[in-house]
Amino acid sequence: MLKSKRTLILSLMLTIAFVLAISGGVYAVEKVMVIGMNTSPIVSLDPAKAYEFEGSWILDNVYDKLVRFKPGSASEIEPGIAESWEFFDKTITFTIRDGAKFSNGDPVDAEAVAYSLKRVVKLAQAPSWVITQFGITEDSIKAIGNKVQITMDKAYSPSLVLSCMTYSVTGTVSPKVAEEHNVEGDMGMAYLTENSVGSGPYKLVSWERNQKLIFEVNENYWGPKPEIDKIVIIDIPESSSQLLQLKGGTIDVAWNLEHDQIPDVEKTKGVYTLSKPQFKLIYFAMNGKTPPTDNVLVRRAVKSAIDTEAIIKAVGGGVTELHSFIPKGMFAYYDGEEVPYNPEKAKELLAEAGYPNGFEITLTVPDFLSTEGTVVKSYLEQVGIKTNLEVIAYTTLLGKYRKQGLEMVIARWGADYADPDANAKPFAHCRTTGDEATVKQLAWRNAYANPEMTDMVEEAAFIQDRGEREKVYLDLQKKWQSDGIFKTLYQMTIQLGLNDRVGNFIMNELTQTPWELITLKD
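Residues numbered from 1 in each chain as written. Predicted model: local features only at pLDDT ≥ 70, side-chain atom pairs only at ≥ 80, totals over all residues. Heavy atoms only, no water.

Caption draft 1: Structural view of the pairing of strand S13 (residues 360–366). The element S13 is largely enclosed, with a buried count of 5 among its 7 residues. When S13 meets strand S14 (residues 386–392), the two strands line up parallel, connected through 7 bridges. Among the inter-strand pairings, Val 365 is bridged to a residue of S14, identified as Val 391. With helix H13 (residues 370–382) bridging S13 and the parallel S14, this β-α-β connection has right-handed handedness. Relative to strand S15 (residues 408–414), S13 runs parallel, the two sharing 2 bridges. (Buried < 20%, exposed > 50% of the residue type's maximum accessible area, 1.4 Å probe, protein only. Helix = DSSP H or I, 4+ residues; strand = E, 2+ residues; numbered from the N terminus. Pairing = 2+ DSSP bridges. Right-handed = clockwise from strand over helix to strand, strands pointing away.)

What follows is the structure in structure tokens.
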């Protein structure tokens, strides 16, 4: 224990020394913002490979995408490297803006954009499915003059396609640089993991893993010139160290604060907190094939027995109330609750279903959701459902879950893109619970197939009119709440600590922040 504390203190001293050096030494005449973050989740900074929240958050400011969300929004689309776009049946045509340049001065044209998209398809890394789900292949991407034409296998909803196009995987890389560093057909992936040549407002200068990342303004950026000259991300894994350095003034942003640290920030002069709901949720689910939860009346009874407000209080707050699979801030969000907390109703439904004395069942939860599991167990037992609580490691839980081996479960889920389709597919789409199923997401894991809801999910993906599409999702959510196997417990929230000198730090529900809009007082 003593050795561990000494190591922590030494690490903290070295970090503070580094921060003081960059804030008072070499960069003294420049505006520098320092962020404390646990950088270990970042695997790569190649847009074709990065699939972590932190990596995508960075890449949004280094590489231009065809389109992007308006600052602070996760539903309103605005131009990116594409000035305009047009949908016609299965084809999308993007017009690429004139005058944009990569950070090395090379022009960004339609050929570069098409190359980057083809590169994603060819490399077939983890995030590539975000665009290949539309049947997009290398051959279906073409550069024609100053336009990029993409042909899909079907005429999907424009709002769905554009939402996916805002993901960092569509970032435009320099074809010249990628091919210059092509090693055994990797199209520069090894090089672009820790280097960048994009056309966003910032460029990556250096990345020392487990130490720091440094970004400088891209002087060739086509948009408004950022106010901050350098952004330095320091690797500080412990939230306690982040809080200490934020209060001490050696970092400007503490990224990984825990909810119980927020009061400390709020009472400290010179710092403030920023809170934003994220497209991540914690949910409860039942097995749809195994008795007694194969009975819709039992499922309604179970959901009526759970008080989500009590769960939110038990975890200490810092989360957002949510009753459906479409989170707050996303298009077609529904704040109603078809099966609200009502223990007396739960008992009536159990009696009607043939279980007047309740039943016995096992609830499995990961260790980091043990509090939620304890509260749910308590409320279920109040209506006569004897609940055996099994708390295990998340990896162990997933092993059982993916084989449909759980009776009841509490787990987490995060949307990959800002469209209802991202959550409708896992939570409401399943035609068969057998091994022959081609899609084995959350509904399948809980052995629940509902053809009507599955039809609605598929229908919504192709509706061209946004209003009509929203109506389908609203109807789907009501049916999902009433008849399905899930009950959403809450929506997760990110909470940052910031120095008072940092202004206009905007985040949307996907954790996207336009660095070029951030201000910094001297």
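Caption draft 2: Inspection of the nonpolar core at higher detail. Formed by 117 residues in total, the largest nonpolar core has its most connected members in Met 33, Ile 58, Phe 94, Phe 215, Tyr 283, Tyr 401 and Phe 505. Here this core gets 9 residues from one element, more than from any other, and that element is helix H3 (residues 110–123). Core analysis: the second largest hydrophobic core is formed by 31 residues, Ala 301, Leu 349, Val 375 and Val 376 among them. (Core = buried A, V, L, I, M, F, W, Y, C linked by side-chain atoms within 4.5 Å.)

Caption draft 3: Highlighting the sheet that holds strand S5 (residues 91–96). Spatial ordering of the open sheet is given by S4-S5-S7-S6, a layout of 4 strands whose pairing is antiparallel. Pairing within the sheet leaves two strands with one partner each, and these edge strands are strand S4 (82–88) and strand S6 (141–144). If you compare each strand with its neighbour and ignore which way they point, the axes differ by 20 degrees on average. As paired elements, S6 and strand S7 (residues 147–151) share 4 bridges and run antiparallel to each other. Bridging from a neighbouring strand, Lys 142 pairs with Gln 149 of S7. Strand contacts of H3: S5, S6 and S7, with the helix running at about 175 degrees to S6, the strand carrying the most contacts. Relative to the sheet, helix H5 (residues 158–165) contacts S4, S5 and S7, its axis offset from that of S4 by approximately 145 degrees. (Axes fitted to C-alpha atoms, helices over the stretch in contact; angles between N-to-C directions. Contact = heavy atoms within 4.5 Å.)

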